[in-house]
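The primary structure of each chain is shown beneath.
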Amino acid sequence: MGRMSDCFQDLRVWQNAMELAVEVYRQTSRLPREEIYSLTQQMRRAAVSVPSNIAEGKGRRSRKEFQQFLFHARGSLLELQTQVMIAKR
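These figures come from a predicted structure and were not determined experimentally.

Reading the values: the criteria
Residues numbered from 1 in each chain as written. Predicted model: local features only at pLDDT ≥ 70, side-chain atom pairs only at ≥ 80, totals over all residues. Heavy atoms only, no water. Salt bridge = Lys/Arg side-chain N within 4 Å of Asp/Glu carboxyl O. Helix = DSSP H or I, 4+ residues; strand = E, 2+ residues; numbered from the N terminus. Buried < 20%, exposed > 50% of the residue type's maximum accessible area, 1.4 Å probe, protein only. Contact = heavy atoms within 4.5 Å.

Across all of its chains, the model carries two salt bridges by this definition. Among the ionic pairs, Glu 23 bridges to Arg 26, the shortest N-O distance being 2.5 Å. Of this pair, Glu 23 and Arg 26 both sit in helix 1 (residues 12–28), three residues apart, which is roughly one turn of the helix. With its nearest N and O atoms 2.8 Å apart, the salt bridge here joins Arg 60 to Glu 56. For Arg 60, a relative accessible area of 35% translates into the label partly exposed. Here Glu 56 falls in the partly exposed class, since its relative accessible area comes to 38%.

This is the structure we're talking about:
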């Protein structure tokens, strides 16, 4: 088995998560002004949490720890998905 790269920025999943976070910022800027301190902030926090957890997990010493942070990132994705559904309604 090959050695894992030490650079989280090389991970495709992190790159995609960064694109998602940027897009969430772009899209939430279109939400009504009254949502700026509620749904907008929650969506942005969840979106930022995804690549952040991937990067933090990559810096851990074991695959098991990395996997745990990937689970946290997945949780943030599901949180964001729920928030998008609320915004659409």
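Here we come to the side chain of Gln 83. Assignment of secondary structure puts Gln 83 in helix 3 (residues 63–88). Using a relative accessible area of 6% as the deciding quantity, one classes Gln 83 as buried. Discounting residues that sit within four places of it in the chain, Gln 83 has contacts with Leu 39, Gln 42, Met 43 and Ala 46.

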